[in-house]
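A structural walkthrough
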Amino acid sequence: MLVTIRDVEYVAKLARLEFTEEQKQRFTEDLNGILNYVEMLNEVDTENVEISIGAYRVENALREDVVKDSFNRDSLLKNAPDSQDGFVKVPKVIE
Amino acid sequence: MHTKTLHEIRELINKGEVSCVELTKNTLDRISSVDDKIGAYLQIDEEGALNKAREVDEKIRRGEEVSFLAGIPMAIKDNICVEGLKTTCASKMLQNFVSPYDAHVTKLLKQNDAVILGKLNMDEFAMGSSSENSAFKKVRNPYDLERVPGGSSGGSAAAVAAGEAYYTLGSDTGGSIRQPASLCGVVGLKPTYGRISRYGLVAFASSLDQIGPFTKDVEDCAHVLKAIAGYDEMDSTSAKREVEDYTKYLNQDIKGLRIGIPKECFAEGLNEDVRREIENAIEVLRRLGAEIKEISLPMSKYALAVYYILASSEASSNLARFDGIRYGYRAKDFEDVVDLYVKSRSQGFGDEVKRRIMLGTYALSAGYYDAYYKKALKVRTLIINEYKRAFEDVDVILTPTSPTVAFKIGEKSNNPLEMYLSDIYTVPINIAGVPAISIPAGFVGGLPVGMQLVGNYFDEGTLIKVGHAFERETEFSKVRPSI
């Protein structure tokens, strides 16, 4: 067993997810199944191998810093679950 | 009408035998009569489609020259933005999200006067291989309604197969275009990473995602690819490379072309009937003068493991944005802001999405980062190098697209790992970033079998060339389901 229920609880907290006891049990089994499969990567000698963060070309994509129109505020706020006076409304964060 | 290809329809329009409005109405009728059974569409924009069709008819009446795609009905996977239409990703999380802008591919389609019929069903957030993970409804395979269409772009594949659109767009992170194309008997292309802009595609795993077309045949594929490829300043990973006229690769000879057959893709795990069909396809290409060479890609057996670490890690980061604050689902009852995040995400995401977020978060967490994520990035380098080396000796690599034909709905939904194995031949391609196409190449028990052709970086042209040569020699792309 690579992953215990306690690990699942910890990772769920990091990922901002919550589960029932039954779900935790199932996710523990699923994650162990997948991670056991992934263990095969340990067979591969990667000493002195560089990492690849992209598929093919990774290069800087620079452009001139030009002022352009951005999205219209109202059109974006239409998708907000709650808004007021042109702002997204959220629960109180600071006491 | 609905059984015709895009290029056949273009000809009918050009000859004045059908108007774009008639064609659009006809396709909308087709959708009304079969989509209750198929479940390909999540949203239909009848008014927008008919308006566009009228506009193109008017242009033609005025004698204006129109694009190859002009006035022909098509549809788009529901993770690609079309301004004013919903983009739900088949998730409760985005059930009410209306896109405030067009994806780059949408912009290009609109410039080509495409008639956009609506948005297509999929696995939630493009995570899955069967389209059973849609939060709204399942997609069914037009060849057998008890079977899956594949996934995650199941709606895009099924819509083309069932004649509910003349072509569609999907996205492919580990096989999500090619595997459903294979299972539904249509052509699906995943271009080279960077060939098509990802701007406006809801991100799953940014270093692997690519948009691509579904069509009835390879000839249609060349036309659609030409229209949607190209550099876009809004996607810093899109390639500053000229777009070729892919139609120039149609009707070409493949004599002397070197095709590599990786022996690892014909080993354990491949269904025997599928193997036989693919071997027959290889013989067709040999007869056409291609030089068939056995090759070895020993690293490919690690690709699926690399994929599930990298794709899940990238997904856990990309999907962090869905927090119930600026857009998307917000839970009704919560105690404080953290509780709002937790409840909105837990109620808004389905199980497979949560499973991948959990796996990715685990792989990126302190203490495991080196063992999983960094290790996977290193093995990715070895896989990339292996493909680069292979393309020094061959022009194209040929494999089955999927180890089996379409499986039964529910057959693999309780075993994530078994489901993941249906992407075993497609996943290495995304890891390497090379282009690949799935082409109808046979039938087993009345169900389609797809052959995958893999090309070198930015060599989509050779895939079109070989695919079209095969298509001219065989009848598989002409078969339509009886629905």
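Residues numbered from 1 in each chain as written. Chains lettered and ligands numbered in written order. Predicted model: local features only at pLDDT ≥ 70, side-chain atom pairs only at ≥ 80, totals over all residues. Heavy atoms only, no water.

Rules: UniProt positions are given in the numbering used here, feature names are shortened, and annotations may be inferred rather than shown by experiment.
Per an unreviewed UniProt entry, the recorded name for chain B is Glutamyl-tRNA(Gln) amidotransferase subunit A, and the organism is Caloramator proteoclasticus DSM 10124. Quoted straight from UniProt, the Catalytic activity (unreviewed entry) entry for chain B says "L-glutamyl-tRNA(Gln) + L-glutamine + ATP + H2O = L-glutaminyl-tRNA(Gln) + L-glutamate + ADP + phosphate + H(+)". On record in UniProt, under Subunit (unreviewed entry), the comment for chain B is "Heterotrimer of A, B and C subunits."

Going by an unreviewed UniProt entry, chain A carries the name Aspartyl/glutamyl-tRNA(Asn/Gln) amidotransferase subunit C and comes from Caloramator proteoclasticus DSM 10124. Of chain A, the UniProt comment under Sequence similarities (unreviewed entry) reads exactly: "Belongs to the GatC family."

1. Some remarks on the environment of Gly175(B)
All names here are of chain B. The line we're drawing: Comment: elements are numbered from the N terminus, with helices defined as DSSP H or I runs of at least four residues and strands as E runs of at least two. Per-residue accessibility, obtained with a 1.4 Å probe over protein chains only, is compared with the maximum for each type, and a residue is labelled buried under 20%, exposed over 50%, and partly exposed between these values. For this analysis, residues touch if any pair of their heavy atoms sits within 4.5 Å.
Residue placement: glycine 175 occurs in the loop between strand S4 (167-172) and helix H6 (178-184). Glycine 175 sits in the buried class, given a relative accessible area of 0%. Sequence separation between glycine 175 and tyrosine 425 is 250 residues, and the spatial gap between their C-alpha atoms is 8.3 Å. Here glycine 175 is in contact with Gly151, Pro180, Thr426 and Asn430, once residues within four sequence places are set aside.

2. Details of the packing of helix H8 (residues 272-287) of chain B against helix H15 (residues 460-473) of chain B
The description of two helices packed together rests on the angle between their axes and the distance between the axes. Residues and elements named next belong to chain B. Our working rule: Comment: axis = line fitted to C-alpha atoms, over the contacting stretch for helices; angle = value between 0 and 180 degrees taken between N-to-C directions. Roughly parallel refers to an angle under 35 degrees, roughly antiparallel to one over 145, roughly perpendicular to one between 65 and 115, and oblique to any angle outside these ranges. Under the scheme applied here, ten amino acids are nonpolar (Ala, Val, Leu, Ile, Met, Phe, Trp, Tyr, Cys and Pro), four are charged (Asp, Glu, Lys and Arg), and all others, including Gly, are polar.
At a minimum axis distance of 10 Å, the contact between H8 and H15 shows a crossing angle of 100°. Considering the angle they form, H8 stands roughly perpendicular to H15. In contact with Ala281, Val284, Leu285 and Arg287 of H8, H15 contributes Val466, Phe470 and Glu473. The residue inventory of the contact of H8 with H15, partitioned by class, reads five nonpolar, no polar and two charged.

3. Looking at the packing of helix H2 (residues 20-38) of chain B against helix H3 (residues 46-61) of chain B
Residue and element names in this part refer to chain B. Test applied: Handedness of each helix crossing follows the sense of rotation of the near helix against the far helix: counterclockwise by less than a right angle gives left-handed, clockwise gives right-handed.
Across the interface, H2 lies against H3 with an axial gap of 8 Å and an inter-helix angle of 155°. Taken together, H2 and H3 sit at an angle that is classed as roughly antiparallel. In this structure, H2 crosses over H3, and the sense of that crossing is right-handed. Residues Cys20, Val21, Thr24, Lys25 and Leu28 of H2 form the contact with H3, whose own contacting residues are Glu46, Ala49, Leu50, Ala53, Arg54, Val56, Asp57 and Ile60. Here the contact of H2 with H3 is composed, by residue class, of eight nonpolar, one polar and four charged.

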